[in-house]
Each structure stands twice: as structure tokens, then as C-alpha cells.
Amino acid sequence: MKIAVCVSGGGTNLQAIIDKINSGEIHNTEIAVVISNNKNAFALERAAKAGIEGVCISPKDFADRESFNKAFLEKLDSYNVDLVVLAGFLVVIPPEMIRNYRNRIINIHPSLIPSFCGTGYYGLKVHEGVLSRGVKVTGATCHFVDEGTDTGPIILQKAVEVKEDDTPEVLQRRVMEQAEWEIMPRAIDLIARGCVTVESGKVRIEE
Ligand code: GAR
């Protein structure tokens, strides 16, 4: 399976994927390209270090959103990938891309969807929301991407404990370590092994 990984920042989820391809925990999968919307993303350095092609397509270099979307999609299409992995990619996915890659785009979100998700909930803002509401359990969700924000079919979720003295940063790290870096690579492996199907908006996993 050929995948593209789309990133915007630190790229720790990208690193988890690279490491688990190398260790054999993710089967039959090759990262064809890492695409960033931000030329300073540390994720691009991680890609370079792993010998993976990295490209940056920034909205700043285009006159409007439409021309950025077009260039992004053309670039992505040129790699002919089977699966697009959004690993901390903080860009709204154009509807045309969702249509063309139906059930072939997955995203990692740092909460238990449908809590703390949707417009405005990304990165640290999710964990700030969790702490201000005072929930005792949070986690991460890996899901297929549809036209909504964080509304697509859920592939895997994992719960993580919220502790009394957590700051957003401490909680973010725990959610990454205990949930994100585990379920995102596992979802990719399940898809690569043909174990995942989507029926009536729900995911069925058969190993
Ligand atoms: C991760 O926590 C990911 O779940 C989150 O951005 C972070 C990226 O970290 N994504 C979202 O909030 C999407 N709505 P990384 O660049 O170190 O993988």
C-alpha cells in the first residue's frame, strides 16, 4: 500500500508511522510522500532523515484558496497513493479531494469523538477544552474523513486518563504517547491488510 502523509507541525505521529513501518508492525506499506502546508514544519526534517520525499505546498504562495486546493490536489494525485494519512494536518480538506478519495483519507484527532471535536478543536485547544470541562477520561480517535469536521466513520479509539494536575501540554503528551502513536499506525496496518470496511457510515474490522 502506498500512502501520503500530510503534516503541519512537529510530526510525532509521522515518526510513529515511520518507526512502525521499519519495525514491521505496519505491514506492506510505503510512505510515497510527506506533504506539509508549512515549510518550517519539523515533520519535513523527520521525512528527510528517513529518506522520504517531502514537499511543501503553502496557501501563502497562492492568490486564493481555490488555487491552493487545486495545486495541492494535483500534487497529491501525482503520487497515485492508496491512502492519505492526515497526521496533524491543520488544513480544511477540499470537498473535491474528499469525493475523489472517499474512504481513503484517515485522520487522527486527540479526543474521544464526538467529544471535543469539530470546528475550533485542534491541537492544544482540544486538551484545554477537556481540562476546563473537567472530564476524567479523554483519548484519541482515528477516523475516515468525510465532508464534515471530525464526523467520518470511526476506525479506532483509545481512552486515556485525565489527572488532577494536568496542564494542556502534559495531557497532550500523554494522549499522544498512550493513544495517538498506537492507534494511527494500527489503523494503517489494518487497512493495508484489507481488514477494514465501511458500511452505512460505520467501520467493520475483520482480522
Ligand atoms: C496531534 O495531537 C494530532 O492529534 C492533532 O495535532 C497534533 C499533531 O502532532 N490533530 C488535530 O488536532 C486535528 N484536529 P504531531 O505533528 O506531533 O503529529
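Residues numbered from 1 in each chain as written. Predicted model: local features only at pLDDT ≥ 70, side-chain atom pairs only at ≥ 80, totals over all residues. Heavy atoms only, no water.

Per an unreviewed UniProt entry, the chain goes by Phosphoribosylglycinamide formyltransferase and derives from Pseudobutyrivibrio xylanivorans. Heading Function (unreviewed entry) of the UniProt record for the chain holds this comment: "Catalyzes the transfer of a formyl group from 10-formyltetrahydrofolate to 5-phospho-ribosyl-glycinamide (GAR), producing 5-phospho-ribosyl-N-formylglycinamide (FGAR) and tetrahydrofolate." We quote the UniProt Sequence similarities (unreviewed entry) comment for the chain here in full: "Belongs to the GART family." (UniProt positions renumbered as here; feature names shortened; annotations may be inferred.)

Caption draft 1: Main features of the layout of surface pockets. Each pocket or cavity is described by its volume, and for the largest pocket that value is around 870 Å³. Forming the boundary of the largest pocket are 39 residues, of which Gly88, Phe89, Leu90, Asn107 and Tyr122 lie nearest the centre. Those elements that provide at least two residues to the lining of the largest pocket are helix H1 (12–22), strand S5 (105–109), strand S6 (137–144) and helix H6 (168–192). Residues that form the lining of the largest pocket fall into these classes: 15 nonpolar, 20 polar and four charged. (1 Å grid on protein atoms, 1.4 Å probe; cavity = no way out; pocket = protein on both sides within 12 Å on 5 of 7 lines; lining within 4 Å. Points joined across faces, edges and corners; volume = space filled by probe spheres on them. Helix = DSSP H or I, 4+ residues; strand = E, 2+ residues; numbered from the N terminus. Nonpolar A, V, L, I, M, F, W, Y, C, P; charged D, E, K, R; others polar.)

Caption draft 2: Expanded view of the site of the ligand. Around the ligand, 14 residues are found, and the nearest of them are Gly11, Thr12, Asn13, Gly123 and Glu180. At 3.3 Å from a nitrogen atom of the ligand is found a side-chain nitrogen or oxygen belonging to His109. Note that an oxygen atom of the ligand is positioned 2.8 Å from one of the side-chain N or O atoms of Glu180. Compared with its free state, where it exposes 450 Å², the ligand has 91% of that area covered by protein. The cavity where the ligand resides is the largest pocket. Only H1, S5 and H6 provide two or more residues apiece to the shell around the ligand. For the shell around the ligand, a count of residues per class yields five nonpolar, eight polar and one charged. (Near = heavy atom within 4 Å. Polar contact = N/O pair within 3.5 Å; in protein donor to acceptor, adjacent residues only side chain to side chain. Areas by Shrake-Rupley, 256 points an atom, 1.4 Å probe, with all protein chains shown as cover. Sits in = over half its atoms within 2 Å of the grid points.)

Caption draft 3: Here's a closer look at the sheet that holds S6. Taken in spatial order, the seven strands make up an open sheet running S3-S2-S1-S4-S5-S6-S7, and their pairing is mixed. The open sheet has two edge strands with one neighbour each: strand S3 (54–56) and strand S7 (154–161). Along the sheet, successive strands turn relative to each other by an average axial angle of 20 degrees, direction set aside. Strand direction decides the pairing type here: strand S2 (residues 30–36) and S3, joined by three bridges, are parallel. Within the sheet, the bridge partner assigned to Val34 lies in S3 and is Gly54. Strands in contact with H1 are strand S1 (2–7), S2, strand S4 (83–86) and S5; relative to S2, the strand with the most contacts, it is inclined by about 170 degrees. (Pairing = 2+ DSSP bridges. Axes fitted to C-alpha atoms, helices over the stretch in contact; angles between N-to-C directions. Contact = heavy atoms within 4.5 Å.)

Caption draft 4: The packing of H1 against helix H2 (residues 42–49), seen in detail. Taken N-terminus to C-terminus, the directions of H1 and H2 make an angle of 20 degrees; their axes are 9 Å apart at the nearest point. By the criterion of interaxial angle, the relationship of H1 to H2 is roughly parallel. For the element pair H1 and H2, the recorded crossing hand is right-handed. Between H1 and H2, the residues in contact are Thr12, Leu14, Gln15 and Ile18 and Ala43, Arg46 and Ala47, respectively. A per-class count over the contact of H1 with H2 returns four nonpolar, two polar and one charged. (Parallel < 35°, antiparallel > 145°, perpendicular 65-115°, else oblique. Left-handed = near helix turned anticlockwise from the far one by under 90°.)

Caption draft 5: Spotlight on the UniProt feature "active site" (unreviewed entry) in the chain. Cross-referencing UniProt, the feature "active site" (unreviewed entry) maps to His109 in the present numbering. Counting through the fold element by element, His109 comes out in strand S5. Among residues more than four places away in sequence, those in contact with His109 are Phe116, Cys117, Tyr121, Val126, Gly139, Ala140, Thr141, His143 and Asp150.

Caption draft 6: Expanded view of helix H5 (residues 124–133). Taken together, the buried positions of H5 are occupied by Val126, His127, Gly129 and Val130. The buried residues of H5 occupy one face: seen down the axis, they fall within an arc of 155 degrees. Elements that come into contact with the buried residues of H5 comprise S5, S6 and H6. Positive phi appears at Gly134, one or two residues downstream of H5, with a value of about 80 degrees. (Buried < 20%, exposed > 50% of the residue type's maximum accessible area, 1.4 Å probe, protein only. Arc of directions from axis to C-beta.)

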